[in-house]
Amino acid sequence: MDVQAASLIGAGLAAIGAGMAAIGVGNVFGSFLESALRNPAAADGQQGRLFIGFAAAELLGLLSFLIAILLYLKAA
Amino acid sequence: MADQGKVDPMHQFEVQKMFDMFHVGNHEVAFTTSAMWMVIAGLLLWAFMIGGMKRQLVPGRWQVAVEGFTGFISGMMNANIGPEGRKYTPYVFSLFMFILMLNVIGLMPFGLFGLHPFTVTSHFAITGFLAILSFSIVLIVGFWRHGLHFFSLFVPHGTPWWLLWLIPVIELVSFLVRPFSLALRLFVAMTAGHVLMKVFASFIIDGIAAGPAVGLGVGIPSMALMVGISGLELLVAGIQAYVFALLTSLYLNDAINLH
């Protein structure tokens, strides 16, 4: 296997991480909604924490996207 | 595969020179498209704020829009920092509005009129500078208010004595990673969104090049997806500006109140 093919396969593998981050982001918002419907009065006060959790989950997915795009541009 | 119709999704991020300004040593300092869009965003923000800062007892629509933004940010600063945070509200507000304006005008379809928008926040140099600005304000405020006591940030309350060799190291690393994560998040989110839009746009162009049947079969679903993704990107543009401001306010809270 030459380096270019290996880089492209690596880029594809790194893109799995973006999908994993989608699970994480869905989990953050899903859990928030679940508990917000149980106690709607407390939901508004927790919006800052919701977005902190979203930002943390999203950052890790974006990092894997970054690695994928770096590998892809190196191969292309 | 027709190669001449290939669309390069990275071309949109190229910084182009508009005119030369001056030289610093051997380095050329030129006015670029990036600088032009920053100036445009600054002027639009200035006009938006001037138009709304009227202090009328019964506010008009414009004043309500401006007060909505200022109230949003000052409410966030109050919730996260407390009354001490009022001093830093202007900085976080300018940061939020500037990033929001750059993100949003980068998405606007000015290309229809031949003026291709450039998303300034899709460059690590810009977001990195904004993140370093926030981080240095946190450092300056922290050391100015607490002196060397600021280092107690790295030892959270209730740390057991037998973990004192490990916890400060972890806290220090997570503290030092902050500017990178702040800058990377904004830069990659904007870049990814714009690449995605260009990839779907290239599906339409390549589909049309392959013939009318393929053009319709591929083009219509791609177009429908692009409309949806444009809406999503508008949401992301707002969320990323908000997250940048929110994290800056949290880091300022660490520097002011020493958790």
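The numbers attached to residues start from 1 for each chain and follow its sequence in the written order. Numbering of ligands from 1 and lettering of chains from A proceed in the order in which they are written. In keeping with the model being predicted, local features are shown solely for residues with a pLDDT of at least 70 and side-chain atom pairs are shown and tallied solely at 80 or more, while totals for entire chains, interfaces and linings include all residues.

Caption draft 1: The arrangement of the overall build of chain B in detail. In this text, helices come from DSSP runs of H or I with a minimum length of four residues, and strands from runs of E with a minimum of two, each type numbered from the N-terminal end. The helix and strand tally for chain B stands at 6 helices and 2 strands. The secondary structure elements of chain B, listed N-terminal to C-terminal, are β-β-α-α-α-α-α-α. Based on the C-alpha atoms only, the size of chain B along its principal axes is roughly 70 × 55 × 45 Å. Three classes are used. A residue is buried when 20 or more other C-beta atoms lie within 10 Å of its own, exposed when 12 or fewer do, and partly exposed in between, with C-beta atoms placed from the backbone. Split into buried and exposed, the 259 residues of chain B put 23% on the buried side. Restricting the contact set of chain B to residue pairs at least 6 apart, pairs at least 24 apart contribute 62%. Placing C-beta atoms from the backbone, we regard two residues as in contact once those atoms come within 7 Å.

Caption draft 2: Spatial organisation of the overall build of chain A. From N to C terminus, chain A includes 3 helices and 0 strands. Seen in sequence order, chain A has helices and strands lined up from the N terminus as α-α-α. Only C-alpha atoms enter the radius of gyration; for comparison, a globular chain is expected to reach 2.2 Å times N to the power 0.38, where N is the number of residues. For 76 residues, the compact-globule estimate of 2.2 N^0.38 gives 11 Å, and chain A exceeds it by more than 25% at 17 Å. Principal-axis analysis of the C-alpha atoms places the extent of chain A at approximately 60 × 15 × 10 Å. In chain A, which comprises 76 residues, the proportion classed as buried is 12%. Contacts in chain A between residues far apart in sequence, at least 24 positions, make up 92% of those at least 6 positions apart.

Caption draft 3: Quick look at the UniProt feature "transmembrane region" (unreviewed entry) in chain A. All names here are of chain A. Annotation from UniProt places "transmembrane region" (unreviewed entry) at residues 6–29 and 50–73. Helix makes up 100% of residues 6–29 and strand 0%, with an end-to-end C-alpha separation of 36 Å. Counting secondary structure, residues 50–73 comes out at 100% helix and 0% strand; the distance between its end C-alpha atoms is 34 Å. UniProt positions are given in the numbering used here, feature names are shortened, and annotations may be inferred rather than shown by experiment.

Caption draft 4: Spotlight on the packing of helix H1 (residues 33–52) of chain B against helix H2 (residues 61–80) of chain B. Residue and element names in this part refer to chain B. At a minimum axis separation of 8 Å, H1 and H2 run at an interaxial angle of 115 degrees. Between H1 and H2 lies a crossing of left-handed hand. Facing H1, whose interface residues are Phe48, Met49, Gly51 and Gly52, H2 presents Trp62, Gln63, Ala65 and Val66. Under the scheme applied, nonpolar residues are Ala, Val, Leu, Ile, Met, Phe, Trp, Tyr, Cys and Pro; charged residues are Asp, Glu, Lys and Arg; polar residues are all the others, including Gly. Within the contact of H1 with H2, the residues separate by chemical class into 5 nonpolar, 3 polar and no charged. To define axes, lines are fitted to C-alpha atoms, for helices over the stretch in contact only, and angles between the resulting N-to-C directions are given on a 0 to 180 degree scale. Crossings are sorted by hand: turned counterclockwise from the far helix by less than a right angle, the near helix makes the crossing left-handed, and turned clockwise it makes it right-handed.

Caption draft 5: Geometry of unusual backbone geometry. Backbone geometry places Arg55(B), a non-glycine residue, at a positive phi of 55 degrees. Structurally, the position occupied by Arg55(B) is in the loop between H1 and H2.

Caption draft 6: Here's a closer look at the UniProt feature "domain: V-ATPase proteolipid subunit C-like" (unreviewed entry) in chain A. Feature annotation in UniProt assigns "domain: V-ATPase proteolipid subunit C-like" (unreviewed entry) to the following positions: residues 9–71 of chain A. Secondary structure content for residues 9–71 of chain A is 94% helix and 0% strand, while the C-alpha to C-alpha distance between its ends is 9 Å.

Caption draft 7: Expanded view of the confidence of the model for chain B. In the predicted model, chain B carries a mean pLDDT of 89, and the fraction of residues at 70 or more is 97%. The ipTM value of the predicted complex is 0.82, and its pTM value is 0.88. What pLDDT reports is the predictor's confidence in each residue, on a scale of 0 through 100.

Caption draft 8: View of the pairing of strand S1 (residues 17–24) of chain B. Residues and elements named next belong to chain B. Along S1, only 0 of the 8 residues are buried, which leaves the element largely exposed. At least two bridges found by DSSP between two strands are what make those strands a pair. Sheet topology places S1 next to strand S2 (residues 27–32); 6 bridges connect them, and they run antiparallel. For His23, the partnering residue across the bridge sits in S2 and is Glu28. The hairpin formed by S1 and S2 contains 2 residues between the paired strands, and Gly25 there has a positive phi angle of roughly 65 degrees.

Caption draft 9: Structural detail: the environment of Pro221(B). Residue position: Pro221(B) is located in helix H6 (residues 212–257). Sequence spacing of Pro221(B) and Ile204(B) is 17 residues, and the spatial spacing of their C-alpha atoms is 9.2 Å.

Caption draft 10: Summary view of the confidence of the model for chain A. Residues of chain A with pLDDT of at least 70 account for 100%, and the chain-wide mean is 90. Within chain A, the lowest mean pLDDT, 88, falls on helix H3 (residues 47–75) of chain A, and the highest, 92, falls on helix H1 (residues 3–38) of chain A.

Caption draft 11: Layout of the interface of chain B and chain A. Facing 12 residues of chain B, the contacting portion of chain A comprises 10 residues. Among the elements of the structure, H2, helix H5 (167–209) and H6 of chain B are those that each provide at least two residues to the side of chain B that touches chain A. The element contributing the most residues to the side of chain B that touches chain A is H5(B), with 6 residues.

Caption draft 12: Structural view of the nonpolar core. If you look at the biggest cluster of nonpolar residues, it comprises 43 residues, and the most contacted ones within it are Phe96(B), Ile99(B), Ala241(B), Phe244(B) and Ala245(B). Within the residue set of this core, elements represented by two or more residues are H3 of chain A together with H2, helix H3 (89–107), helix H4 (124–146), H5 and H6 of chain B. Note on terminology: a nonpolar core is a set of buried residues of type Ala, Val, Leu, Ile, Met, Phe, Trp, Tyr or Cys, with members joined through C-beta atoms within 7 Å.

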